[in-house]
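Here is what each chain is made of, one letter per residue.
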Amino acid sequence: MTPGEHTRAVHTPDPPRLEQTPLGLPVHRSAAFRFSSAQEYADLLSGAQKGYSYSRVDNPTTDAFAQAVAALEGVGVDGEVVAQPFASGMAAISTVLMALTHAGAHVVVPREVYGGTYGLLTTVLDRFGVTTSFVDMTDLDAVRAAVRPETTVLYAETLANPTMTVADLPGLSAISREAGLTFVVDSTFASPAVCRPLEHGADVVVHSATKYIGGHSDSTGGVAVGSPELMTRVRRARIDLGGMLAPDEAFLLHRGLATLPLRVARHCASALVVAAAMDEHPGVLRVDHPGLPSHRDHDLARKLFDEGRYGAIVTITPPGGRAAGLALCDRLRLIAVATSLAGTHSKVSHVATTTHRQLDDDALAAAGIDPAAVRISVGLEDPEDLVADLEQALDGL
Ligand SMILES: *Cc1c(COP(=O)(O)O)cnc(C)c1O
(Lines give C-alpha, C1' and ligand atoms only; values in the text may rest on other atoms or scores of the structure.)
Protein backbone atom coordinates (compact mmCIF):
# COMPACT_ATOMS: atom_id res chain seq x y z
CA MET A 1 0.00 0.00 0.00
CA THR A 2 1.36 3.42 -0.93
CA PRO A 3 1.64 5.62 2.18
CA GLY A 4 -0.74 8.57 2.34
CA GLU A 5 0.03 12.13 1.34
CA HIS A 6 0.87 13.31 4.88
CA THR A 7 3.06 10.31 5.59
CA ARG A 8 4.99 10.86 2.34
CA ALA A 9 5.32 14.58 3.15
CA VAL A 10 6.84 13.79 6.58
CA HIS A 11 8.88 10.70 5.71
CA THR A 12 11.02 12.18 2.95
CA PRO A 13 13.97 10.18 1.63
CA ASP A 14 17.07 10.34 3.83
CA PRO A 15 19.54 13.04 2.81
CA PRO A 16 22.57 11.65 0.96
CA ARG A 17 25.39 10.25 3.11
CA LEU A 18 28.51 12.07 2.05
CA GLU A 19 31.68 10.33 0.92
CA GLN A 20 33.52 13.63 0.68
CA THR A 21 34.19 16.15 3.44
CA PRO A 22 32.47 19.51 2.88
CA LEU A 23 34.85 22.47 3.31
CA GLY A 24 32.02 24.63 4.60
CA LEU A 25 30.74 23.56 8.01
CA PRO A 26 27.40 21.73 7.62
CA VAL A 27 24.67 23.15 9.87
CA HIS A 28 22.99 20.20 11.57
CA ARG A 29 19.78 22.00 12.32
CA SER A 30 18.10 19.08 14.02
CA ALA A 31 16.87 18.97 17.59
CA ALA A 32 16.49 15.17 17.54
CA PHE A 33 18.30 12.20 15.99
CA ARG A 34 16.99 8.82 14.76
CA PHE A 35 18.63 5.57 15.85
CA SER A 36 19.04 2.25 14.07
CA SER A 37 17.64 0.40 17.08
CA ALA A 38 16.18 0.87 20.56
CA GLN A 39 19.44 -0.56 21.90
CA GLU A 40 21.47 2.15 20.12
CA TYR A 41 19.22 4.80 21.77
CA ALA A 42 19.81 3.20 25.18
CA ASP A 43 23.58 2.92 24.58
CA LEU A 44 23.83 6.57 23.53
CA LEU A 45 22.02 7.77 26.64
CA SER A 46 24.08 5.56 28.95
CA GLY A 47 27.31 6.70 27.33
CA ALA A 48 28.21 3.17 26.18
CA GLN A 49 28.17 4.45 22.58
CA LYS A 50 29.34 7.83 21.29
CA GLY A 51 27.09 9.88 19.06
CA TYR A 52 24.27 12.38 18.95
CA SER A 53 20.86 12.07 20.56
CA TYR A 54 19.43 15.52 21.27
CA SER A 55 20.84 18.96 20.42
CA ARG A 56 20.70 20.39 23.94
CA VAL A 57 23.03 17.53 24.86
CA ASP A 58 25.40 17.59 21.87
CA ASN A 59 25.24 18.72 18.27
CA PRO A 60 27.81 18.06 15.51
CA THR A 61 27.94 21.71 14.37
CA THR A 62 28.37 23.15 17.86
CA ASP A 63 30.96 20.44 18.60
CA ALA A 64 32.94 21.41 15.51
CA PHE A 65 32.96 25.04 16.68
CA ALA A 66 34.01 24.18 20.25
CA GLN A 67 36.82 21.83 19.15
CA ALA A 68 38.08 24.49 16.72
CA VAL A 69 38.43 26.91 19.65
CA ALA A 70 40.15 24.16 21.70
CA ALA A 71 42.67 23.72 18.88
CA LEU A 72 43.52 27.44 19.06
CA GLU A 73 43.63 27.66 22.87
CA GLY A 74 45.39 24.34 23.43
CA VAL A 75 48.38 24.80 21.14
CA GLY A 76 51.58 24.31 23.14
CA VAL A 77 49.76 22.81 26.14
CA ASP A 78 50.83 19.40 27.47
CA GLY A 79 47.90 17.00 27.52
CA GLU A 80 44.59 16.96 25.69
CA VAL A 81 42.49 20.14 25.52
CA VAL A 82 38.78 20.01 24.67
CA ALA A 83 35.94 22.52 24.76
CA GLN A 84 32.23 22.90 25.45
CA PRO A 85 29.93 25.22 23.45
CA PHE A 86 27.43 27.62 25.06
CA ALA A 87 24.58 29.92 24.05
CA SER A 88 26.48 32.99 25.33
CA GLY A 89 29.52 34.02 27.31
CA MET A 90 27.36 34.24 30.45
CA ALA A 91 26.02 30.71 29.83
CA ALA A 92 29.64 29.51 29.73
CA ILE A 93 30.64 31.44 32.87
CA SER A 94 27.56 30.50 34.91
CA THR A 95 27.81 26.83 33.95
CA VAL A 96 31.55 26.64 34.69
CA LEU A 97 31.10 28.33 38.08
CA MET A 98 28.14 26.10 38.98
CA ALA A 99 30.14 23.02 37.98
CA LEU A 100 33.05 24.07 40.20
CA THR A 101 31.21 25.31 43.32
CA HIS A 102 28.65 24.05 45.84
CA ALA A 103 26.79 25.49 48.84
CA GLY A 104 29.46 26.76 51.23
CA ALA A 105 32.11 27.19 48.53
CA HIS A 106 34.04 30.44 48.05
CA VAL A 107 35.37 32.11 44.89
CA VAL A 108 38.14 34.73 44.52
CA VAL A 109 37.40 37.21 41.72
CA PRO A 110 38.99 40.47 40.46
CA ARG A 111 37.23 43.58 41.77
CA GLU A 112 36.81 44.92 38.20
CA VAL A 113 35.23 41.65 36.96
CA TYR A 114 32.79 41.86 34.00
CA GLY A 115 29.39 43.20 35.15
CA GLY A 116 27.45 40.08 34.16
CA THR A 117 29.81 37.88 36.17
CA TYR A 118 29.54 40.30 39.11
CA GLY A 119 25.74 40.04 38.94
CA LEU A 120 25.85 36.24 38.71
CA LEU A 121 28.02 36.02 41.84
CA THR A 122 26.21 38.65 43.90
CA THR A 123 22.56 38.04 42.96
CA VAL A 124 22.38 34.37 41.90
CA LEU A 125 25.19 32.19 43.26
CA ASP A 126 25.10 33.95 46.66
CA ARG A 127 21.51 32.66 47.09
CA PHE A 128 22.85 29.13 46.68
CA GLY A 129 25.45 29.62 49.40
CA VAL A 130 28.47 30.49 47.24
CA THR A 131 30.42 33.45 48.64
CA THR A 132 32.82 35.69 46.73
CA SER A 133 35.81 37.88 47.62
CA PHE A 134 36.48 40.70 45.15
CA VAL A 135 40.19 41.51 45.28
CA ASP A 136 42.81 43.64 43.59
CA MET A 137 44.38 40.92 41.44
CA THR A 138 47.47 43.01 40.69
CA ASP A 139 48.40 42.37 44.35
CA LEU A 140 49.32 38.68 44.57
CA ASP A 141 49.64 38.90 48.37
CA ALA A 142 46.03 40.12 48.55
CA VAL A 143 44.95 37.20 46.35
CA ARG A 144 46.82 34.71 48.56
CA ALA A 145 45.28 36.30 51.68
CA ALA A 146 41.76 36.02 50.23
CA VAL A 147 42.00 32.23 49.74
CA ARG A 148 40.12 30.27 52.44
CA PRO A 149 39.83 26.56 53.20
CA GLU A 150 36.45 26.55 51.42
CA THR A 151 37.74 28.35 48.28
CA THR A 152 37.31 26.22 45.14
CA VAL A 153 37.88 28.70 42.29
CA LEU A 154 40.37 31.46 41.51
CA TYR A 155 38.92 33.56 38.69
CA ALA A 156 40.74 36.14 36.52
CA GLU A 157 40.33 38.10 33.29
CA THR A 158 43.29 38.18 30.86
CA LEU A 159 42.52 41.84 30.14
CA ALA A 160 40.12 43.67 32.45
CA ASN A 161 37.68 46.40 31.53
CA PRO A 162 38.16 49.44 31.29
CA THR A 163 41.73 50.03 32.51
CA MET A 164 43.10 47.07 30.53
CA THR A 165 44.77 45.54 33.57
CA VAL A 166 46.68 42.43 32.52
CA ALA A 167 46.32 39.34 34.76
CA ASP A 168 49.60 37.90 36.05
CA LEU A 169 48.58 34.44 34.84
CA PRO A 170 51.73 32.54 35.97
CA GLY A 171 51.64 34.21 39.42
CA LEU A 172 47.92 33.53 39.89
CA SER A 173 48.30 29.96 38.62
CA ALA A 174 51.00 29.30 41.23
CA ILE A 175 48.68 30.50 44.02
CA SER A 176 45.84 28.38 42.62
CA ARG A 177 48.03 25.22 42.40
CA GLU A 178 49.41 25.73 45.90
CA ALA A 179 45.89 25.98 47.36
CA GLY A 180 44.41 23.19 45.22
CA LEU A 181 41.93 25.49 43.41
CA THR A 182 40.67 25.52 39.84
CA PHE A 183 42.02 28.57 37.99
CA VAL A 184 39.38 29.94 35.57
CA VAL A 185 40.27 32.76 33.13
CA ASP A 186 37.85 34.86 31.09
CA SER A 187 39.96 35.66 28.02
CA THR A 188 37.25 37.42 26.00
CA PHE A 189 39.14 40.72 25.61
CA ALA A 190 42.28 38.93 24.41
CA SER A 191 41.01 36.04 22.24
CA PRO A 192 43.37 33.15 21.43
CA ALA A 193 45.01 35.38 18.81
CA VAL A 194 46.55 37.50 21.60
CA CYS A 195 47.07 35.15 24.55
CA ARG A 196 46.37 31.51 25.43
CA PRO A 197 45.97 31.31 29.22
CA LEU A 198 46.21 27.48 29.32
CA GLU A 199 49.88 27.92 28.29
CA HIS A 200 50.36 30.04 31.41
CA GLY A 201 48.76 27.72 33.95
CA ALA A 202 45.00 28.34 33.64
CA ASP A 203 42.81 25.25 34.13
CA VAL A 204 39.73 26.57 32.29
CA VAL A 205 39.45 29.38 29.72
CA VAL A 206 36.04 30.94 29.04
CA HIS A 207 35.09 33.29 26.21
CA SER A 208 32.19 35.36 25.12
CA ALA A 209 32.43 34.22 21.48
CA THR A 210 30.01 37.07 20.76
CA LYS A 211 33.08 39.35 20.74
CA TYR A 212 36.34 38.68 18.81
CA ILE A 213 35.71 35.01 17.98
CA GLY A 214 32.48 35.73 16.08
CA GLY A 215 33.88 39.12 15.24
CA HIS A 216 31.00 40.60 13.24
CA SER A 217 28.46 41.57 15.94
CA ASP A 218 25.91 39.21 14.36
CA SER A 219 25.90 36.14 16.62
CA THR A 220 25.92 35.26 20.31
CA GLY A 221 27.83 32.40 21.86
CA GLY A 222 30.29 31.21 24.46
CA VAL A 223 32.86 28.51 24.96
CA ALA A 224 34.79 26.90 27.81
CA VAL A 225 38.12 25.14 27.21
CA GLY A 226 40.14 22.81 29.45
CA SER A 227 41.15 19.24 30.21
CA PRO A 228 38.78 16.38 29.29
CA GLU A 229 38.19 15.72 33.03
CA LEU A 230 37.10 19.29 33.77
CA MET A 231 35.09 19.58 30.56
CA THR A 232 33.21 16.36 31.40
CA ARG A 233 32.03 18.07 34.60
CA VAL A 234 31.22 21.26 32.72
CA ARG A 235 29.30 19.35 30.01
CA ARG A 236 27.17 17.59 32.65
CA ALA A 237 26.28 20.94 34.20
CA ARG A 238 25.60 22.42 30.75
CA ILE A 239 23.16 19.62 29.92
CA ASP A 240 21.23 20.26 33.16
CA LEU A 241 21.36 24.07 32.97
CA GLY A 242 20.51 24.08 29.26
CA GLY A 243 22.61 26.98 27.95
CA MET A 244 23.50 25.17 24.71
CA LEU A 245 24.70 26.97 21.58
CA ALA A 246 22.37 26.81 18.54
CA PRO A 247 23.73 25.23 15.33
CA ASP A 248 23.10 28.37 13.23
CA GLU A 249 25.07 30.50 15.68
CA ALA A 250 27.81 27.86 15.79
CA PHE A 251 28.13 28.12 12.01
CA LEU A 252 28.70 31.90 12.16
CA LEU A 253 31.12 31.66 15.09
CA HIS A 254 33.07 28.87 13.36
CA ARG A 255 33.27 30.97 10.21
CA GLY A 256 34.61 33.83 12.33
CA LEU A 257 37.49 31.68 13.57
CA ALA A 258 39.01 31.37 10.09
CA THR A 259 39.83 35.08 10.05
CA LEU A 260 40.40 35.53 13.79
CA PRO A 261 44.22 35.94 13.61
CA LEU A 262 43.94 38.26 10.57
CA ARG A 263 41.24 40.40 12.17
CA VAL A 264 42.79 40.51 15.63
CA ALA A 265 46.25 41.42 14.27
CA ARG A 266 44.69 44.38 12.48
CA HIS A 267 42.44 45.33 15.43
CA CYS A 268 45.53 45.37 17.67
CA ALA A 269 47.77 47.28 15.23
CA SER A 270 45.06 49.93 14.75
CA ALA A 271 44.49 50.15 18.51
CA LEU A 272 48.19 50.95 18.97
CA VAL A 273 47.92 53.75 16.40
CA VAL A 274 44.82 55.16 18.15
CA ALA A 275 46.39 54.83 21.61
CA ALA A 276 49.62 56.56 20.54
CA ALA A 277 47.71 59.43 18.89
CA MET A 278 45.51 59.90 21.97
CA ASP A 279 48.60 59.81 24.21
CA GLU A 280 49.99 62.79 22.27
CA HIS A 281 46.72 64.73 22.26
CA PRO A 282 46.68 67.69 24.70
CA GLY A 283 42.92 67.24 25.27
CA VAL A 284 43.34 63.76 26.77
CA LEU A 285 44.32 63.34 30.43
CA ARG A 286 44.96 59.62 30.36
CA VAL A 287 45.10 56.69 27.94
CA ASP A 288 44.75 53.09 29.12
CA HIS A 289 46.17 50.59 26.64
CA PRO A 290 48.77 47.93 27.53
CA GLY A 291 50.63 48.49 24.25
CA LEU A 292 51.79 51.89 25.53
CA PRO A 293 55.10 51.68 27.44
CA SER A 294 53.50 53.95 30.07
CA HIS A 295 50.80 51.37 30.95
CA ARG A 296 51.47 49.72 34.30
CA ASP A 297 51.23 46.22 32.80
CA HIS A 298 53.18 46.82 29.57
CA ASP A 299 56.04 44.47 30.53
CA LEU A 300 53.65 41.73 31.66
CA ALA A 301 51.70 42.08 28.40
CA ARG A 302 54.95 41.77 26.40
CA LYS A 303 55.72 38.57 28.29
CA LEU A 304 52.27 36.93 28.00
CA PHE A 305 50.89 38.25 24.71
CA ASP A 306 51.81 37.55 21.09
CA GLU A 307 54.23 40.10 19.66
CA GLY A 308 52.69 43.47 18.89
CA ARG A 309 49.22 42.36 20.05
CA TYR A 310 47.88 44.06 23.17
CA GLY A 311 44.15 43.76 22.55
CA ALA A 312 42.12 46.41 20.75
CA ILE A 313 40.44 48.32 23.57
CA VAL A 314 41.69 51.84 24.26
CA THR A 315 40.22 53.80 27.16
CA ILE A 316 40.69 57.57 27.05
CA THR A 317 39.89 60.18 29.68
CA PRO A 318 39.19 63.81 28.71
CA PRO A 319 39.07 66.53 31.38
CA GLY A 320 35.63 67.60 32.59
CA GLY A 321 34.03 64.64 34.36
CA ARG A 322 30.85 62.76 33.38
CA ALA A 323 29.48 65.47 31.10
CA ALA A 324 32.69 65.58 29.07
CA GLY A 325 32.75 61.79 28.66
CA LEU A 326 29.16 61.76 27.39
CA ALA A 327 29.77 64.76 25.12
CA LEU A 328 32.87 63.13 23.62
CA CYS A 329 30.82 60.03 22.70
CA ASP A 330 28.10 62.14 21.11
CA ARG A 331 30.54 64.20 19.04
CA LEU A 332 31.99 61.14 17.30
CA ARG A 333 30.75 60.68 13.73
CA LEU A 334 32.40 57.45 12.58
CA ILE A 335 32.85 55.59 15.85
CA ALA A 336 29.41 54.38 16.95
CA VAL A 337 27.92 54.68 20.42
CA ALA A 338 27.05 51.00 20.74
CA THR A 339 26.90 48.08 23.16
CA SER A 340 29.45 45.29 23.20
CA LEU A 341 32.98 45.28 21.86
CA ALA A 342 35.04 43.69 19.11
CA GLY A 343 33.41 43.38 15.69
CA THR A 344 34.19 45.12 12.43
CA HIS A 345 32.81 48.52 13.47
CA SER A 346 34.57 50.72 16.03
CA LYS A 347 32.41 51.33 19.07
CA VAL A 348 32.50 53.69 22.00
CA SER A 349 30.89 53.66 25.42
CA HIS A 350 30.97 56.05 28.37
CA VAL A 351 32.24 53.83 31.18
CA ALA A 352 30.56 55.48 34.20
CA THR A 353 27.05 55.32 32.68
CA THR A 354 27.31 51.92 31.00
CA THR A 355 29.63 49.03 31.98
CA HIS A 356 30.39 50.52 35.42
CA ARG A 357 27.05 52.26 36.13
CA GLN A 358 26.70 50.39 39.46
CA LEU A 359 29.70 52.33 40.84
CA ASP A 360 29.27 55.83 42.30
CA ASP A 361 32.08 58.39 41.94
CA ASP A 362 33.84 57.18 45.12
CA ALA A 363 33.74 53.55 43.98
CA LEU A 364 34.95 54.62 40.53
CA ALA A 365 37.86 56.46 42.13
CA ALA A 366 38.70 53.40 44.22
CA ALA A 367 38.79 51.32 41.02
CA GLY A 368 41.02 53.92 39.33
CA ILE A 369 38.36 55.02 36.82
CA ASP A 370 37.67 58.69 36.03
CA PRO A 371 33.95 59.57 35.57
CA ALA A 372 34.90 60.98 32.14
CA ALA A 373 36.51 57.75 30.88
CA VAL A 374 35.41 56.55 27.45
CA ARG A 375 36.11 53.03 26.19
CA ILE A 376 36.89 52.60 22.51
CA SER A 377 36.70 49.20 20.83
CA VAL A 378 38.90 49.69 17.79
CA GLY A 379 37.35 48.12 14.68
CA LEU A 380 38.66 47.29 11.22
CA GLU A 381 38.34 50.76 9.66
CA ASP A 382 41.45 52.69 8.59
CA PRO A 383 43.08 53.83 11.84
CA GLU A 384 43.78 57.30 10.39
CA ASP A 385 40.03 57.80 9.99
CA LEU A 386 39.43 56.74 13.60
CA VAL A 387 42.13 59.13 14.87
CA ALA A 388 40.68 61.98 12.78
CA ASP A 389 37.21 61.27 14.20
CA LEU A 390 38.52 61.30 17.77
CA GLU A 391 40.52 64.50 17.13
CA GLN A 392 37.53 66.39 15.74
CA ALA A 393 35.43 65.23 18.70
CA LEU A 394 38.08 66.22 21.27
CA ASP A 395 38.83 69.57 19.60
CA GLY A 396 35.20 70.62 19.95
CA LEU A 397 34.86 69.72 23.63
C1 LIG B 1 30.57 40.18 26.86
C2 LIG B 1 31.38 39.57 27.93
C3 LIG B 1 30.89 38.48 28.67
C4 LIG B 1 29.49 37.93 28.48
O5 LIG B 1 29.31 37.39 27.22
P6 LIG B 1 27.86 37.29 26.50
O7 LIG B 1 28.17 36.60 25.23
O8 LIG B 1 27.35 38.69 26.36
O9 LIG B 1 26.99 36.50 27.42
C10 LIG B 1 31.71 37.92 29.63
N11 LIG B 1 32.94 38.42 29.88
C12 LIG B 1 33.44 39.46 29.20
C13 LIG B 1 34.81 39.96 29.53
C14 LIG B 1 32.68 40.08 28.21
O15 LIG B 1 33.17 41.13 27.55
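Anything mentioned here points back to the structure above.
No experiment lies behind these values; they were computed from the predicted model shown.

Caption draft 1: Structural context of the sheet that holds strand β12 (residues 336–337). Pairing is mixed across the open sheet formed by five strands, whose spatial order is β10-β11-β14-β13-β12. Across the chains shown, the open sheet's two edge strands, defined by having one partner strand only, are β10 (286–288) and β12. In the sheet, β12 pairs with strand β13 (residues 347–350) via two bridges, with the strands oriented parallel. Residue pairing across strands places A336 opposite K347, the latter belonging to β13.

Caption draft 2: Structural detail: the nonpolar core. Judged by nonpolar contacts, the single largest core of 75 residues is most densely connected at F65, V225, M278, F305 and I316. Top element by residues in this core is helix α10 (residues 260–280). It accounts for eight residues. Counting residues domain by domain, this core receives three or more from each of domain 1 (38–257) and domain 2 (260–395). Judged by nonpolar contacts, the second largest core, of 26 residues, contains I93, V96, A99 and V153.

Caption draft 3: Representation of the pairing of strand β8 (residues 204–208) in the model. Taken across its five residues, β8 has five buried, putting it largely inside the fold. Here β8 shows a buried face lined by V204, V206 and S208 and a second buried face lined by V205 and H207. Strand direction decides the pairing type here: strand β7 (residues 182–186) and β8, joined by three bridges, are parallel. Residue pairing for β8: V184 is matched across the bridge by V204. Inspection of the sheet shows β8 paired to strand β9 (residues 222–226) by five bridges, in the antiparallel sense. Bridged to V205 within β9 is V225.

Caption draft 4: Representation of the site of the ligand within the structure. Among the 13 residues in the neighbourhood of the ligand, the closest are listed as M90, D186, S208, T210 and K211. A distance of 2.9 Å separates an oxygen atom of the ligand from a polar backbone atom of G89. For the shell around the ligand, the element with the highest residue contribution is helix α4 (residues 89–100), accounting for three residues.

The rules behind these values
Residues numbered from 1 in each chain as written. Predicted model: local features only at pLDDT ≥ 70, side-chain atom pairs only at ≥ 80, totals over all residues. Heavy atoms only, no water. Pairing = 2+ DSSP bridges. Helix = DSSP H or I, 4+ residues; strand = E, 2+ residues; numbered from the N terminus. Core = buried A, V, L, I, M, F, W, Y, C linked by side-chain atoms within 4.5 Å. Buried < 20%, exposed > 50% of the residue type's maximum accessible area, 1.4 Å probe, protein only. Domains from an automatic or database assignment. Near = heavy atom within 4 Å. Polar contact = N/O pair within 3.5 Å; in protein donor to acceptor, adjacent residues only side chain to side chain.

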